[in-house]
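Here's the letter readout for the chains.
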Amino acid sequence: MDLGITGKRALVCASSKGLGLGCAEALAEAGVDLVMNARGAEALEASAADIRTRFGVDVVTVAADVTTAEGQAAVLEAAQGVDILVNNAGGPPPGMWSDWDRDDFIAALDANMLTPIALIKGLVPAMMDRGWGRVVNITSQSVKAPIAVLGLSNAARTGLTGYVAGTSRQVAGSGVTINNLLPGIHATDRAVSLDTGVTKAKGITMEEAKAERCATIPAGRYGTREEFGAACAFLCSKHAGFIVGQNILLDGGGTNATI
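As the structure is a computational prediction, the values presented were derived from the model and not from experiment.

**Q** So what exactly am I meant to see when it comes to the overall build of the protein here?
**A** Looking only at helices and strands, the protein has eight helices and seven strands in total. For the protein, the C-alpha radius of gyration of 18 Å lies close to 18 Å, the compact-globule estimate for 259 residues. Referenced to the eigenvectors of the C-alpha coordinate spread, the extents of the protein come out at roughly 55 × 40 × 40 Å. Every one of the 259 residues in the protein was classed for burial, and the buried ones make up 48%. In the protein, the share of contacts with a sequence separation of at least 24, taken over all contacts with a separation of at least 6, comes to 72%. As presented, the protein carries roughly 11900 Å² of accessible surface, and 55% of it is formed by carbon and sulfur atoms. Side-chain charges in the protein split into 21 positive and 26 negative, and the spacing between the mean points of these groups amounts to 5 Å.

Below, the structure is given as structure tokens:
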């Protein structure tokens, strides 16, 4: 399918690896030029070089922590005029409700709620002026069904979801759509981190921890960055202009809900 976005330009945050890289690759395959951001310069440059080689698109890199004011300023300077924004940042660490204090919640809100809002405010007005734009926020299945040990993520990402629910409907008339992609477990570093926590808590191997988690997923496996990226690219395409303010699960059926 021709996504109709060849020649567009996208900012993809946290895109040196994992789900962000999957989104960057899928957009590049569709002919989109990229501004790629990540904290680690070495991994970022390697991923950018690979995308340039494979897809022949223009790629600008910004090595910065986008959850900081300085990082946001650097990314926004490089990304002015983009047509597509993919918000993404690593989730806060797992734990129990009694473990967290105010500073922990502020850090989670800064990374997973306030940062994407800042980038939306920084880039969407120009999209509205041009009459076309796409924003995709990578959140989590936990906004549909909270995960107890991820309380910090539950809180921050649900806050962003509420913001998007209202804002997306205010900007849709200008040709800009804002939607959220809600990943379940995918074969990324995040899954390794969570599975490692299970191995320590239960005294089992990584293979056993992964098998235990896969047994809770109807699809029987972890997702891949490639299929996640394909879903992101579709939401950024010319075909998705009537999808507004939606929360789309990519979890292999793991969230047990009717709607």
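Now that the structure is up, let's keep going.
**Q** What exactly am I supposed to notice about the pattern of salt bridges here?
**A** A side chain with one charge can pair with a side chain of the opposite charge if their charged atoms come near. Counted by the stated rule, this structure contains nine salt bridges. The salt bridge partner of Glu 212 is Lys 202, with a shortest N-O separation of 2.6 Å. Note that Glu 212 is positioned in helix 7 (residues 206–214) and Lys 202 in helix 6 (residues 189–202), a separation of 10 residues in sequence. Given a relative accessible area of 36%, Glu 212 falls into the partly exposed group.

**Q** How should I be thinking about the environment of Ala 43 in this particular structure?
**A** By the secondary structure assignment, Ala 43 is in helix 2 (residues 41–55). Overall, Ala 43 belongs to the partly exposed group, its relative accessible area being 37%. When the C-alpha positions of Ala 43 and Gly 56 are compared, they lie 19 Å apart, and in sequence the two are 13 residues distant.

**Q** When you look at the packing of helix 1 (residues 18–29) against helix 8 (residues 225–235) in this model, what are you seeing that I'm missing?
**A** Packed helices, taken two at a time, are described by their axes: the angle between them and the distance between them. Where helix 1 contacts helix 8, the axes come no closer than 7 Å and their chain directions differ by 55°. In terms of orientation, helix 1 lies oblique with respect to helix 8. Crossing angle aside, the handedness with which helix 1 passes helix 8 is right-handed. In this structure, helix 1 uses Gly 18, Leu 19, Leu 21, Gly 22, Cys 23, Glu 25, Ala 26 and Leu 27 to contact helix 8, whose residues at the interface are Arg 225, Phe 228, Gly 229, Ala 230, Cys 232 and Ala 233. When the residues that make up the contact of helix 1 with helix 8 are grouped by side-chain class, the tally is nine nonpolar, three polar and two charged.

**Q** Would you explain helix 2 in this entry?
**A** Two residues of an α-helix separated by three or four positions point the same way, owing to the 3.6 residues in each turn. Over its 15 residues, helix 2 extends 21 Å from the first C-alpha to the last, a length consistent with the 21 Å expected when each residue adds 1.5 Å. Of the positions making up helix 2, those classed as buried are Leu 44, Ser 47, Ala 48 and Ile 51. Projection of helix 2 onto a plane perpendicular to its axis shows the buried side chains occupying an angular sector of 100°, all on one side. The exposed set on the far side of helix 2, more than 90 degrees from its buried face, consists of Glu 42 and Thr 53. For helix 2, the elements touching its buried residues are helix 1, strand 2 (33–38) and strand 3 (59–63).

What counts and how
- Residues numbered from 1 in each chain as written.
- Predicted model: local features only at pLDDT ≥ 70, side-chain atom pairs only at ≥ 80, totals over all residues.
- Heavy atoms only, no water.
- Helix = DSSP H or I, 4+ residues; strand = E, 2+ residues; numbered from the N terminus.
- Rg over C-alpha atoms; globule rule 2.2 N^0.38 Å.
- Buried < 20%, exposed > 50% of the residue type's maximum accessible area, 1.4 Å probe, protein only.
- Contact = heavy atoms within 4.5 Å.
- Areas by Shrake-Rupley, 256 points an atom, 1.4 Å probe, with all protein chains shown as cover.
- Lys, Arg positive; Asp, Glu negative; His and termini not counted.
- Charge placed at Lys NZ, Arg CZ, Asp CG, Glu CD.
- Salt bridge = Lys/Arg side-chain N within 4 Å of Asp/Glu carboxyl O.
- Axes fitted to C-alpha atoms, helices over the stretch in contact; angles between N-to-C directions.
- Parallel < 35°, antiparallel > 145°, perpendicular 65-115°, else oblique.
- Left-handed = near helix turned anticlockwise from the far one by under 90°.
- Nonpolar A, V, L, I, M, F, W, Y, C, P; charged D, E, K, R; others polar.
- Expected span 1.5 Å × (residues − 1).
- Arc of directions from axis to C-beta.

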